[in-house]
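Each chain, letter by letter, is given below.
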Amino acid sequence: MKLVLASKNAKKLKEMNEILSGMGVEVCSQADIGVDVDVEETGASFEENSMLKAKAVMEASGLPAIADDSGLCVDALNGAPGVYSARYGGEGLDDAGRYRMLLANMPKDQPRTAKFVSVITCCFPNGDVLTARGECPGAIAFAAMGEGGFGYDPVFFLPKLKKTFAQLSPEEKNAVSHRGKALEAFQVKLEEYLK
(Lines give C-alpha, C1' and ligand atoms only; values in the text may rest on other atoms or scores of the structure.)
Protein backbone atom coordinates (compact mmCIF):
# COMPACT_ATOMS: atom_id res chain seq x y z
CA MET A 1 0.00 0.00 0.00
CA LYS A 2 1.23 3.49 -0.85
CA LEU A 3 0.57 6.54 1.31
CA VAL A 4 1.54 10.11 0.40
CA LEU A 5 3.17 12.11 3.19
CA ALA A 6 1.52 15.48 3.78
CA SER A 7 4.86 17.10 4.64
CA LYS A 8 8.05 18.08 2.85
CA ASN A 9 10.21 17.07 5.82
CA ALA A 10 12.65 14.43 4.48
CA LYS A 11 13.56 13.27 8.01
CA LYS A 12 9.89 12.71 8.86
CA LEU A 13 9.50 10.70 5.62
CA LYS A 14 12.49 8.53 6.52
CA GLU A 15 11.22 7.99 10.08
CA MET A 16 7.74 6.98 8.89
CA ASN A 17 9.14 4.55 6.33
CA GLU A 18 11.42 2.96 8.94
CA ILE A 19 8.43 2.27 11.17
CA LEU A 20 5.72 1.37 8.61
CA SER A 21 7.76 -0.53 5.99
CA GLY A 22 7.54 -3.71 8.06
CA MET A 23 3.83 -4.00 7.25
CA GLY A 24 4.23 -3.46 3.52
CA VAL A 25 3.37 0.25 3.59
CA GLU A 26 5.43 2.62 1.48
CA VAL A 27 5.26 6.28 2.38
CA CYS A 28 6.21 8.49 -0.57
CA SER A 29 6.80 12.22 -0.80
CA GLN A 30 4.53 14.64 -2.61
CA ALA A 31 7.36 15.24 -5.09
CA ASP A 32 7.41 11.50 -5.92
CA ILE A 33 3.88 11.77 -7.31
CA GLY A 34 4.09 15.29 -8.72
CA VAL A 35 1.96 17.05 -6.10
CA ASP A 36 2.97 20.23 -4.28
CA VAL A 37 0.56 21.20 -1.51
CA ASP A 38 1.29 23.70 1.26
CA VAL A 39 -1.35 23.62 3.96
CA GLU A 40 -1.80 26.48 6.39
CA GLU A 41 -1.95 25.02 9.88
CA THR A 42 -4.92 26.98 11.23
CA GLY A 43 -6.12 24.31 13.67
CA ALA A 44 -6.15 24.85 17.43
CA SER A 45 -5.01 21.28 18.14
CA PHE A 46 -2.58 18.69 16.78
CA GLU A 47 -5.63 16.64 15.68
CA GLU A 48 -7.09 19.52 13.65
CA ASN A 49 -3.80 20.39 11.93
CA SER A 50 -3.05 16.74 11.14
CA MET A 51 -6.50 16.37 9.56
CA LEU A 52 -6.14 19.60 7.52
CA LYS A 53 -2.84 18.40 6.03
CA ALA A 54 -3.90 14.80 5.27
CA LYS A 55 -7.21 15.84 3.71
CA ALA A 56 -5.64 18.49 1.45
CA VAL A 57 -2.94 16.14 0.12
CA MET A 58 -5.42 13.27 -0.33
CA GLU A 59 -7.71 15.58 -2.35
CA ALA A 60 -4.82 16.88 -4.47
CA SER A 61 -3.31 13.44 -5.15
CA GLY A 62 -6.33 11.12 -5.20
CA LEU A 63 -4.28 8.76 -3.00
CA PRO A 64 -4.46 7.96 0.71
CA ALA A 65 -2.46 10.64 2.51
CA ILE A 66 -0.80 10.50 5.92
CA ALA A 67 0.01 13.54 8.02
CA ASP A 68 1.73 14.04 11.32
CA ASP A 69 1.25 17.13 13.40
CA SER A 70 3.54 17.20 16.35
CA GLY A 71 5.08 19.57 18.78
CA LEU A 72 6.67 20.21 22.11
CA CYS A 73 4.49 21.15 25.09
CA VAL A 74 6.42 22.69 27.99
CA ASP A 75 4.64 22.80 31.35
CA ALA A 76 6.42 25.95 32.61
CA LEU A 77 5.35 27.75 29.40
CA ASN A 78 1.68 26.74 29.78
CA GLY A 79 1.99 24.14 27.03
CA ALA A 80 3.85 26.36 24.56
CA PRO A 81 5.12 26.16 21.91
CA GLY A 82 2.53 23.39 21.29
CA VAL A 83 0.86 23.54 17.87
CA TYR A 84 3.15 26.49 17.04
CA SER A 85 6.36 24.49 17.60
CA ALA A 86 7.52 24.76 13.97
CA ARG A 87 6.74 28.50 13.90
CA TYR A 88 7.91 29.39 17.42
CA GLY A 89 9.67 32.75 17.41
CA GLY A 90 8.30 33.71 14.00
CA GLU A 91 9.71 33.64 10.49
CA GLY A 92 13.44 33.45 9.92
CA LEU A 93 14.35 31.17 12.82
CA ASP A 94 15.85 27.76 12.04
CA ASP A 95 15.66 24.74 14.38
CA ALA A 96 18.64 25.94 16.43
CA GLY A 97 17.17 29.44 16.70
CA ARG A 98 13.87 28.04 17.96
CA TYR A 99 15.38 25.81 20.63
CA ARG A 100 17.74 28.59 21.75
CA MET A 101 14.74 30.88 22.14
CA LEU A 102 12.94 28.16 24.09
CA LEU A 103 15.91 27.79 26.45
CA ALA A 104 16.03 31.57 26.93
CA ASN A 105 12.30 31.67 27.74
CA MET A 106 12.42 28.90 30.37
CA PRO A 107 11.58 30.27 33.85
CA LYS A 108 14.45 29.67 36.27
CA ASP A 109 12.36 28.60 39.27
CA GLN A 110 9.94 26.10 37.67
CA PRO A 111 10.15 22.40 36.82
CA ARG A 112 11.46 21.70 33.31
CA THR A 113 8.92 18.96 32.54
CA ALA A 114 7.66 18.74 28.98
CA LYS A 115 6.22 16.28 26.49
CA PHE A 116 6.38 15.73 22.78
CA VAL A 117 3.00 15.02 21.17
CA SER A 118 2.33 13.51 17.75
CA VAL A 119 -1.01 12.98 16.03
CA ILE A 120 -1.07 10.86 12.87
CA THR A 121 -4.04 11.16 10.51
CA CYS A 122 -4.60 9.16 7.34
CA CYS A 123 -7.35 10.25 4.94
CA PHE A 124 -8.56 7.86 2.27
CA PRO A 125 -10.25 8.88 -1.01
CA ASN A 126 -13.44 7.02 0.05
CA GLY A 127 -13.84 9.37 3.04
CA ASP A 128 -12.45 7.03 5.72
CA VAL A 129 -10.11 8.55 8.32
CA LEU A 130 -7.72 6.88 10.78
CA THR A 131 -6.19 8.88 13.63
CA ALA A 132 -3.68 7.96 16.34
CA ARG A 133 -1.91 9.96 19.07
CA GLY A 134 1.39 9.37 20.83
CA GLU A 135 3.12 11.21 23.67
CA CYS A 136 6.62 11.08 25.10
CA PRO A 137 7.26 12.69 28.50
CA GLY A 138 10.62 14.25 29.26
CA ALA A 139 12.28 17.49 30.33
CA ILE A 140 13.97 20.50 28.80
CA ALA A 141 17.75 20.26 29.07
CA PHE A 142 19.79 23.26 30.19
CA ALA A 143 21.81 23.20 26.96
CA ALA A 144 21.63 21.50 23.57
CA MET A 145 23.27 18.06 23.41
CA GLY A 146 23.70 15.67 20.48
CA GLU A 147 23.92 15.85 16.72
CA GLY A 148 21.02 13.63 15.61
CA GLY A 149 17.33 14.23 15.04
CA PHE A 150 15.77 17.56 14.15
CA GLY A 151 13.67 20.34 15.64
CA TYR A 152 13.84 20.45 19.44
CA ASP A 153 15.57 17.06 19.74
CA PRO A 154 18.86 18.51 21.11
CA VAL A 155 17.07 20.05 24.13
CA PHE A 156 14.46 17.33 24.84
CA PHE A 157 15.95 15.22 27.63
CA LEU A 158 14.79 11.74 28.63
CA PRO A 159 15.66 11.25 32.33
CA LYS A 160 15.39 7.42 32.15
CA LEU A 161 17.90 7.22 29.29
CA LYS A 162 20.00 10.20 30.46
CA LYS A 163 20.12 11.44 26.86
CA THR A 164 18.40 13.98 24.63
CA PHE A 165 16.51 12.83 21.55
CA ALA A 166 19.47 14.11 19.50
CA GLN A 167 21.82 11.70 21.31
CA LEU A 168 19.74 8.61 20.48
CA SER A 169 20.22 6.36 17.45
CA PRO A 170 17.24 6.36 15.04
CA GLU A 171 16.25 2.91 16.39
CA GLU A 172 16.41 4.09 20.02
CA LYS A 173 14.39 7.21 19.20
CA ASN A 174 11.70 5.32 17.25
CA ALA A 175 11.27 2.94 20.22
CA VAL A 176 10.39 5.73 22.69
CA SER A 177 9.36 8.81 20.69
CA HIS A 178 5.93 10.40 20.44
CA ARG A 179 5.91 9.73 16.67
CA GLY A 180 7.01 6.13 17.20
CA LYS A 181 4.15 5.60 19.67
CA ALA A 182 1.62 7.33 17.40
CA LEU A 183 2.77 5.29 14.38
CA GLU A 184 2.61 2.09 16.44
CA ALA A 185 -1.01 2.87 17.38
CA PHE A 186 -1.72 3.89 13.77
CA GLN A 187 -0.21 0.62 12.52
CA VAL A 188 -2.64 -1.38 14.68
CA LYS A 189 -5.60 0.64 13.33
CA LEU A 190 -4.37 0.33 9.74
CA GLU A 191 -3.95 -3.45 10.02
CA GLU A 192 -7.52 -3.67 11.35
CA TYR A 193 -8.76 -1.35 8.57
CA LEU A 194 -7.09 -3.39 5.81
CA LYS A 195 -8.54 -6.73 6.93
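Here the structure is shown first, and the text comes after it.
Quick look at the structure, then. Small disclaimer: the values here were computed from a predicted structure and weren't measured.

## Thoughts on unusual backbone geometry
Part 1: In this structure, Pro-81 follows Ala-80 across a cis peptide bond, with omega equal to -5°.
Part 2: Of note in this structure, Asn-78 is not a glycine but carries a positive phi near 55°.
Part 3: Inspection of the secondary structure puts Asn-78 in the loop between β3 (65–74) and α3 (95–105).
Part 4: Despite not being glycine, Lys-162 shows a phi value in the positive range, around 55°.
Part 5: When you line up the elements, Lys-162 lands in the loop between β6 (156–158) and β7 (163–164).
Part 6: A residue is classified by how much of its surface remains accessible, and Lys-162, at 65% relative accessible area, is exposed.

## A short note on the nonpolar core
Part 1: In this structure, Leu-72, Val-74, Leu-102, Ile-140, Tyr-152, Phe-156 and Phe-165 are the most contacted members of the largest nonpolar core, which totals 20 residues.
Part 2: Sorting elements by how many residues they give to this core places α3 first, with four residues.
Part 3: Beyond its immediate stretch of four places on either side in the chain, Phe-165 contacts Phe-116, Cys-136, Asp-153, Phe-156, Leu-158, Lys-173, Val-176, Ser-177 and His-178.
Part 4: Residues Leu-13, Met-23, Ile-120 and Ala-132 belong to the second largest nonpolar core, which totals 19 residues.

## Quick notes on the pairing of β3
For a regular strand, the rule is simple: side chains alternate between the two faces of the sheet.
Part 1: Within β3, ten of the ten residues are buried, leaving the element largely enclosed by the surrounding structure.
Part 2: Here β3 shows a buried face lined by Ala-65, Ala-67, Asp-69, Gly-71 and Cys-73 and a second buried face lined by Ile-66, Asp-68, Ser-70, Leu-72 and Val-74.
Part 3: The pairing of strand β1 (residues 2–5) with β3 spans two bridges and is classified as parallel. Of the residues in β3, the one forming a bridge with Val-4 is Ala-65.
Part 4: Looking at chain direction, β3 and strand β4 (residues 113–123) are connected through ten bridges and run antiparallel.

## Overview of helix α1 (residues 10–20)
Part 1: Turning to α1, its buried residues are Lys-12, Leu-13, Glu-15, Met-16, Ile-19 and Leu-20. Taken around the axis of α1, the buried residues stretch over an arc of 165°, which confines them to a single face. Opposite the buried face of α1, at more than 90 degrees from it, the exposed residues are Ala-10 and Lys-14.
Part 2: Each element contacted by the buried residues of α1 is listed here: β1, β2 (26–28), β3, β4, α4 (170–176) and α5 (178–194).

## Some remarks on the environment of Glu-184
Part 1: Its location among the elements puts Glu-184 in helix α5.
Part 2: Accessibility expressed as a relative area gives 53% for Glu-184, which makes it exposed.

## Quick look at the side chain of Gln-30
Part 1: Inspection of the secondary structure assignment puts Gln-30 in the loop between β2 and α2 (46–61).
Part 2: A relative accessible area of 3% places Gln-30 in the buried class.
Part 3: Every residue in contact with Gln-30, bar those within four places of it in the chain, is listed here: Val-4, Leu-5, Ala-6, Ser-7, Lys-8, Val-35, Asp-36, Val-37 and Val-57.

## A word on the packing of α1 against α5
Each pair of packed helices gets described by two things: the angle between the helix axes and the distance between those axes.
Part 1: Running from amino to carboxyl end, α1 crosses α5 at an angle of 45°, the nearest separation of the two axes being 10 Å. Relative to α5, the element α1 lies oblique. The two elements α1 and α5 meet at a crossing, and its hand is right-handed. Seen from α1, the contacting residues are Lys-12, Glu-15, Met-16, Ile-19 and Leu-20; seen from α5, they are Arg-179, Gly-180, Leu-183, Phe-186 and Gln-187.

## Observations regarding the packing of aromatic side chains
Between two aromatic rings, the relevant description is the distance of the centres plus the angle of the planes.
Part 1: A complete count under the given rule lists four aromatic pairs for this structure.
Part 2: Relative to Phe-165, the ring of Phe-116 has its centre 5.5 Å away and its plane inclined at 5°; by these criteria the two rings are stacked. Placement of the pair is Phe-116 in strand β4 and Phe-165 in the loop between β7 and α4, with a sequence separation of 49 residues. Considered together, Phe-116 and Phe-165 belong to a single accessibility category, that of buried residues.
Part 3: Aromatic pair Phe-156 and Phe-165: ring centres 5.0 Å apart, planes at 65°, arrangement edge-to-face.
Part 4: For Phe-156, a relative accessible area of 0% translates into the label buried.
Part 5: A connected cluster of aromatic rings, assembled from ring pairs, spans Phe-116, Phe-156 and Phe-165.
Part 6: The ring of Phe-142 carries Arg-112 above its face, with NZ or CZ at 4.0 Å from the centroid.

Scoring rules and cut-offs
- Counting restarts for each chain, with residues numbered from 1 along the sequence as it is written.
- Where totals are concerned, whole chains, interfaces and linings use all residues; where local detail is concerned, this predicted model gives features only for residues with pLDDT of at least 70, and gives and counts side-chain atom pairs only at 80 or more.
- In computing side-chain values, all of the structure's heavy atoms are included and hydrogens and water are not.
- Comment: elements are numbered from the N terminus, with helices defined as DSSP H or I runs of at least four residues and strands as E runs of at least two.
- Working definition: with a 1.4 Å probe on protein chains only, accessible area under 20% of the residue-type maximum means buried, over 50% means exposed, and in between means partly exposed.
- In these notes, a set of buried Ala, Val, Leu, Ile, Met, Phe, Trp, Tyr and Cys residues joined through side-chain atoms within 4.5 Å is what counts as a nonpolar core.
- Residues are treated as being in contact if the distance between any of their heavy atoms lies within 4.5 Å.
- A pair of strands is considered paired only if DSSP assigns at least 2 bridges between the two.
- The directions from the helix axis to the C-beta atoms form the arc being described.
- Each axis is a line fitted through C-alpha atoms, taken for helices only over the stretch in contact, and angles between the N-to-C directions span 0 to 180 degrees.
- Each angle receives one of four descriptions, namely roughly parallel if under 35 degrees, roughly antiparallel if over 145, roughly perpendicular if within 65 to 115, and oblique otherwise.
- Two helices crossing with the near one rotated counterclockwise from the far one by less than a right angle form a left-handed crossing, whereas a clockwise rotation gives a right-handed crossing.
- Two rings belonging to Phe, Tyr or Trp (six-membered ring only in the last case) form a pair when the distance between their centres is within 6.5 Å. Interplanar angles under 30 degrees mark stacking, angles over 60 mark edge-to-face geometry, and anything in between is tilted.
- Charge-over-ring contacts are defined here by two conditions on Lys NZ or Arg CZ: a distance within 6 Å of the ring centre and an angle within 35 degrees of the ring normal.

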